[in-house]
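Given next are the chains, with one letter for each unit.
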Amino acid sequence: MSHDALSISCMTCRARESSFPAIFLVWRADIYKNLIGKKNSSIIVAELAPHTDGEEMEIVRPHRARTNHHNDAVSTLPLYRSAPSLEVRLEDFELFAMDRLRVLKGISDGLSRGKKPEEMEKLVKDLWKANMGHQDASEVVNKDIISHFVLRLVYCRTEDLRKWFLSMETALFRHRFGRERSDAQRALMAEFDLPCKPVSSAEFENLKEKLSQVARSIIGQQTPTADSIYYKVPFEEVPELVAGRRVFIHKGYAYVAMNQVVSLVVTQFRSNLSKALILTNRFSFKIFTSIMFRLSALVFLISFLYALSEVMHDFVLVLCATKCIIANTNIYKLSSVVAFAYRKWTSTIREQEKDRLTPIVEALCTSYLGPDYSRPKEFGEISINDLDQLAESSFPLCMRHLFVKLREDHHLKHGGRMQLGLFLKGVGLKLEDALAFWKAEFSQKVGAERFDKEYAYSIRHNYGREGKRTDYTPYSCQKIISSTPGVGDHHGCPYRHFSEENLRAAIGRMGVGGRAIEDVMDKVRNRHYQLACTLTFEAVHGSSCDAGINHPNQYLNDSQKILQAKVNAAL
């Protein structure tokens, strides 16, 4: 192992007199000091999970395609049971996760839009091919595994995040499992150790008529033949098939055809992942101490505290622990010393990583993954005279609302100015025109002199002409949705922040009515705000938007393309 990584040497042995495993973890304090003492360009992705007495400690090795030597079935579909001990560059840590997140969000959009199974099959295949490849073919599997565990770390933090991640990963696994060959599927089933067993030829012949009746009632299901493979499983293991009346049940067992085992495997995968997410979220002192005391407590404690003293020069911890040991203090007093050591250790790591990994982990679940609209690319620059016509024909509801309120009140609070101002910058409004536009409106309420003193600076700042000279980008849908407008504010997402009455009225003014408006409101009630905006776009323009709306500037660009195409067609 390189000296850029924490070295943990694990040695398992069994005493001759006892079957209890004695496991010693040796902490390399010098290497640990190097690890946290500098900004490393690489990290180790690792996971530590508790295990029950009597089990051997698992040593995780780099993941490769699994081979079943009995039938030579090879599968590249990981089960994500343990994180790989691989070195990952910091930029890959984020990029791999973002690529996988594009896949999961694409699946989420497809499911929310009610796509048919065959459409979802094609969508998942295209998303995976577009995002999860690697220039080095041998690294494709590692990218798959690393990206999963990074997102598991990101999405374990709250119940809502866990629920979304669990649903999308399960849907992804379902489609990938369905594309595996039957021999590879059987190999995966064996790894899951599922509570099922093949139906014997004699039993199949006895139940053939019943199985044929069930098969004929299912569209696309083939009538069973002598070569058909069936499994019998406890019926509670396949609730999805039972609820859909797609299996024959006899004496507490469901008889599942080979092309239906995906339901059984997916149920097990979902259960395992759900437990793993909760475990990751709860990975704290409780697990730390349980593992520590199931090992050799005194050896581990002294080694751990010695590492702390080397890293943080705190010999008081060692003295306290030694005193507890010599005085034969009970385990509860001893654990309080370890608790303090653990808190100090984690706070040190947190401090060291706050500018390196923490921002990546905290931002990934709200990251915008689409194009950068800081510079107009599609239609070039626009002038002040174009704004009213553009607002009427091509502004999304969030920007349309801000634009109308600015015209009515000749003022917007800071949040509204930022949201609309950066949007107009991305549309192509030059700095000089932006200053003239905002001044023309604000001067009617606050006067030209006050505008120059209090408001002009922030506009120049947004264009990178003041302060740090940062070239700020327009807000994405996710950022707008996550904002919290207060009293008197007009920014934010109308689909999330408007009352139902006000939202219906606002959408109606855009020319949406009838069944379309009910579809929009249905998405809003289910908190699919971007899909609600997408349906509004489709109703206004009479054209589908399969990619969905993810950015206000995307809405305007797509709108202008459709309108321009209609003009060209009329010529």
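1. Notes on helix α26 (residues 552–570)
Taking 1.5 Å of rise per residue, the 19 residues of α26 would be expected to cover 27 Å, and the 27 Å separating its terminal C-alpha atoms lies within 8% of that figure. Among the residues making up α26, those that are buried are P552, N553, Q554, Y555, L556, N557, D558, S559, Q560 and I562. For α26, the elements touching its buried residues are α15 (387–394), α16 (397–409), α17 (414–427), α21 (477–482) and α25 (529–541).

2. A few points about helix α24 (residues 515–525)
Three or four residues apart is the spacing at which side chains of an α-helix point the same way, because the helix has 3.6 residues per turn. Within α24, burial applies to I517, V520, M521, K523 and V524. Buried residues of α24, viewed axially, fall in a sector of 155°; they line one side. Where the residues of α24 are buried, they touch α2 (90–112), α22 (494–497), α23 (500–509) and α25. Backbone geometry just after α24 places R527 at a positive phi near 65°.

3. Regarding the nonpolar core
In terms of nonpolar packing, the biggest core is built from 55 residues, with I107, F173, F177 and V256 touching the most fellow members. Sequence-distant contacts of V256, defined by excluding residues within four places in its chain, comprise I229, Y230, Y231, V233, V238, L241, V247 and V261.

4. Quick notes on the packing of aromatic side chains
Across all of its chains, the model carries 17 aromatic pairs by this definition. Arranged with centres 5.7 Å apart and planes meeting at 15°, the rings of Y155 and F165 form a pair that is stacked. Here Y155, found in helix α4 (residues 140–155), pairs with F165, found in helix α5 (residues 159–178); they are 10 residues apart in sequence, far enough to count as distant. The exposure class of Y155 is buried, given its relative accessible area of 2%. For F165, a relative accessible area of 0% gives the class buried. Measuring from centroid to centroid gives 6.3 Å for F173 and F192, while their planes differ by 85°, and the two rings are edge-to-face.

5. Description of the pairing of strand β10 (residues 253–257)
Where burial is concerned, most of β10 is hidden: four out of the five residues are buried. Bridge analysis of strand β8 (residues 230–234) against β10 gives five bridges, and the strand direction is antiparallel. Its bridge partner being in β10, V233 is matched across the sheet by A254. Linkage of strand β9 (residues 248–250) to β10, two consecutive antiparallel strands, is achieved through a turn of two residues, within which K251 is found at a positive phi near 55°.

6. A word on the confidence of the model for the protein chain
Looking at the protein chain, pLDDT values average 75 and 69% of them are 70 or higher. Averaged over each element, pLDDT in the protein chain is lowest for strand β2 (residues 21–27) (30) and highest for α16 (95). Confidence over residues 284–299 falls short of pLDDT 50; this stretch has 36 contacts with residues more than four positions distant or in other chains. Counting interchain partners and residues more than four positions distant, the pLDDT-below-50 stretch residues 310–315 has 13 contacts.

7. Here we look at a positive patch on the surface
Taken together, the side chains of K163, R270, R496 and R527 make up a positively charged region of the molecular surface. By relative accessible area, K163 is classed as exposed at 57%.

8. Some remarks on unusual backbone geometry
One non-glycine residue, Y80, lies in the positive phi region at around 55°. Phi at H410 takes a positive value of approximately 55°, unusual for a residue other than glycine. By secondary structure assignment, the location of H410 is in the loop between α16 and α17.

9. Some thoughts on the sheet that holds β8
Across a sheet, paired strands are connected by hydrogen bonds in the backbone, their directions being either parallel or antiparallel. Across the sheet, four strands lie side by side as β7-β8-β10-β9; this open sheet has antiparallel pairing. At either margin of the open sheet sits one strand with a lone partner, and together these are β7 (197–198) and β9. The pairing of β7 with β8 spans two bridges and is classified as antiparallel. Across the sheet, residue K197 finds its bridge partner in β8, namely K232. Across the face of the sheet, helix α7 (residues 201–216) comes into contact with β8, β9 and β10 while running at roughly 135° to β9.

Parameters at a glance
Residues numbered from 1 in each chain as written. Predicted model: local features only at pLDDT ≥ 70, side-chain atom pairs only at ≥ 80, totals over all residues. Heavy atoms only, no water. Helix = DSSP H or I, 4+ residues; strand = E, 2+ residues; numbered from the N terminus. Expected span 1.5 Å × (residues − 1). Buried < 20%, exposed > 50% of the residue type's maximum accessible area, 1.4 Å probe, protein only. Contact = heavy atoms within 4.5 Å. Arc of directions from axis to C-beta. Core = buried A, V, L, I, M, F, W, Y, C linked by side-chain atoms within 4.5 Å. Phe/Tyr/Trp six-rings, centres within 6.5 Å; stacked < 30°, edge-to-face > 60°. Pairing = 2+ DSSP bridges. pLDDT = per-residue confidence, 0-100. Patch = residues over 30% accessible without salt bridge, like charges linked within 9 Å, V, L, I, M, F, W, Y side chains within 5 Å. Areas by Shrake-Rupley, 256 points an atom, 1.4 Å probe, with all protein chains shown as cover. Salt bridge = Lys/Arg side-chain N within 4 Å of Asp/Glu carboxyl O. Lys, Arg positive; Asp, Glu negative; His and termini not counted. Charge placed at Lys NZ, Arg CZ, Asp CG, Glu CD. Axes fitted to C-alpha atoms, helices over the stretch in contact; angles between N-to-C directions.

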